[in-house]
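Below are the chains, spelled out letter by letter.
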There are 2 protein chains.
Amino acid sequence: MAVPKLQFACDHADLPSALADAGKVGDVVDILEAGTILLLQEGRKAIQCLRAMFPDKIIVADPKCADAGAVVAANCGSAGADFMTVICAASLPTMKAAAKEVKEVQVELFGDWTFEQAETWLDAGITQAIYHQSRDALAAGGGWGEKDLEKVRRLADMGFGVSVTGGLKPETLRLFEGVDVYAFIAGRAISAEPDPRRAASDFQEEIHRIWG
Amino acid sequence: MAVPKLQFACDHADLPSALADAGKVGDVVDILEAGTILLLQEGRKAIQCLRAMFPDKIIVADPKCADAGAVVAANCGSAGADFMTVICAASLPTMKAAAKEVKEVQVELFGDWTFEQAETWLDAGITQAIYHQSRDALAAGGGWGEKDLEKVRRLADMGFGVSVTGGLKPETLRLFEGVDVYAFIAGRAISAEPDPRRAASDFQEEIHRIWG
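This is a predicted model, so every value here is computed, not measured. (Residues numbered from 1 in each chain as written. Chains lettered and ligands numbered in written order. Predicted model: local features only at pLDDT ≥ 70, side-chain atom pairs only at ≥ 80, totals over all residues. Heavy atoms only, no water.)

## Observations regarding the overall build of chain A
Check the secondary structure of chain A and you find ten helices and eight strands. For a compact globule of 212 residues, the expected C-alpha radius of gyration is about 17 Å, and chain A comes in at 16 Å, within 12% of that figure. Along the three orthogonal principal directions, the C-alpha set of chain A runs to about 45 × 40 × 35 Å. If you take every contact in chain A between residues at least 6 apart in sequence, the share linking residues at least 24 apart comes to 61%. Put simply, chain A shows about 8200 Å² of open surface, and 50% of that area lies on carbon and sulfur atoms. The averaged location of the 31 negative side-chain charges in chain A is 2 Å from the averaged location of its 21 positive side-chain charges. (Helix = DSSP H or I, 4+ residues; strand = E, 2+ residues; numbered from the N terminus. Rg over C-alpha atoms; globule rule 2.2 N^0.38 Å. Contact = heavy atoms within 4.5 Å. Areas by Shrake-Rupley, 256 points an atom, 1.4 Å probe, with all protein chains shown as cover. Lys, Arg positive; Asp, Glu negative; His and termini not counted. Charge placed at Lys NZ, Arg CZ, Asp CG, Glu CD.)

Structure representation (structure tokens):
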């Protein structure tokens, strides 16, 4: 079982504040993400800046692509993204088209999806999945439980690299002990802390304590 | 049954080409849309420019929001959007949060959804639905059929304002005769024509011939 990576999601409302935080934590984390909110606010410049600032890191674009997979993925790839997300409700032709244009496509799991569908995503060339506790669902009182962990395990057993996100903190990572997680994704749990660089290091220390 | 509106989707790769086409057809159409591809490339500027250029038209932002509904909708609304799209796979809390921040939310129907779910969207404050032939599915050989029309009718009967999109041309509008369509959405069927303004007028003439 590989040591999970740490992904910093830049989901800021504007590029200056996103890049300020990215600059603080970029060399501590393994993956930098141009989040959905940031992409919708600032466009492809967000990906281009992260790529230019961190040439040796993995850069993820998170448009949650639902259609026009070839165009959206080609645009994200040419801006510098290594990985791109698609929404699980996207059609298989969308997923297949996207998979040809970036190094890896990550299917983001929202709403009602089934493991039967997940098999078809693998056939479409999708290599990764993001198991997501919705921000809004968390705000409505949800949280991580054994039911979630069981799904993460099953997706990993199927062959997906599984990243997890939503309400994670260093002290909640132990919930995932023994689970083959590709990356833990944190945004405000890093950027909203008084010392974002310290917060990112706390995540990394806990990851290496458990999986190292 | 009201006369369906005509919506021009700007799904260009950059703002200059989008605004050039919007300028050509803006006073012919009823609704202008900052499409997903354009938003991801250029960010909120795309909405702001359409709002400024067409203060009296309905402006739609099409982020296909899947999460963080309050933030994404507030950002779209403050940029000038009247309507915003959410993906049907979004959670109900996401939809409810979005519905508070823009005048109307349109749920975009992709993948597997059910009419039972659609009832819950109405309860969440969603007033409109977009019945979508996926661009990638169309490229793979799909098309409009009676099965699609039946779903559009049923959604309209439930109370949704239903817009339709995907591979539409003036000559295909007659398929929808007798169906209560809120808006026909066309992008490249207008912008890729030699005379986009003429193409938009052809759509409007056919709409008014059938529903006028």
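## So, the environment of Lys-64 of chain B
Following the sequence through the fold, Lys-64 of chain B ends up in strand β3 (residues 58-65). Relative accessible area serves as the criterion here: at 9%, Lys-64 of chain B is assigned to the buried category. Measuring from C-alpha to C-alpha, the distance between Lys-64 of chain B and Ile-37 of chain B comes to 11 Å, with 27 residues separating the pair along the chain. Setting aside its immediate chain neighbours within four residues, Lys-64 of chain B contacts Ala-66 of chain A together with Thr-36, Thr-85, Val-86, Ile-87, Glu-108 and Phe-110 of chain B. (Buried < 20%, exposed > 50% of the residue type's maximum accessible area, 1.4 Å probe, protein only.)

## Overview of the relation of the copies chain B and chain A
With an RMSD of 0.0 Å, the fit of chain B onto chain A corresponds to turning through 180° and sliding 0.0 Å along the axis. What we have between these two chains is a two-fold relation. Minimal C-alpha separation from the rotation axis in chain B is found for Gly-43 of chain B, amounting to 2.0 Å. Of the interface residues in chain B, 100% have counterparts in chain A that sit at the interface too, so the contact is made through matching surfaces. (Least-squares fit on C-alpha atoms with pLDDT ≥ 70 in both.)

## Some remarks on the confidence of the model for chain A
Considering every residue of chain A, the mean pLDDT works out to 95; 97% of them sit at 70 or more. The ipTM value of the predicted complex is 0.92, and its pTM value is 0.94. (pLDDT = per-residue confidence, 0-100.)

## What about the packing of helix α6 (residues 115-123) of chain A against helix α8 (residues 146-158) of chain A?
Residue and element names in this part refer to chain A. The contact between α6 and α8 brings their axes to 11 Å, and the two run at 35°. Of the two possible hands of crossing, α6 and α8 adopt the one that is right-handed. Counted together, Phe-115, Ala-118, Glu-119 and Leu-122 of α6 and Lys-151, Arg-154, Leu-155 and Met-158 of α8 form the full contact between these two elements. Among the residues making up the contact of α6 with α8, the classes are represented as five nonpolar, no polar and three charged. (Axes fitted to C-alpha atoms, helices over the stretch in contact; angles between N-to-C directions. Left-handed = near helix turned anticlockwise from the far one by under 90°. Nonpolar A, V, L, I, M, F, W, Y, C, P; charged D, E, K, R; others polar.)

## Structural notes on the interface of chain B and chain A
Chain B puts 32 residues into the contact, and the matching count from chain A is 33 residues. Here chain B packs against chain A, burying approximately 2700 Å² in sum over the two surfaces, 59% of which is carbon and sulfur. On the surface where chain B and chain A come into contact, there are zero salt bridges. Summed over the shared surface of chain B and chain A, the result is six residue pairs in polar contact (both at pLDDT 80 or more). Going through the elements one at a time, α2 (36-42), β3, α4 (69-79), α5 (92-99) and α7 (135-139) of chain B are the ones with two or more residues in the side of chain B that touches chain A. Considering each element in turn, the side of chain B that touches chain A owes the most residues, five residues, to α2 of chain B. Here the side of chain B that touches chain A is composed, by residue class, of 14 nonpolar, ten polar and eight charged. (Buried area = accessible area lost by both parts, 1.4 Å probe. Salt bridge = Lys/Arg side-chain N within 4 Å of Asp/Glu carboxyl O. Polar contact = N/O pair within 3.5 Å; in protein donor to acceptor, adjacent residues only side chain to side chain.)

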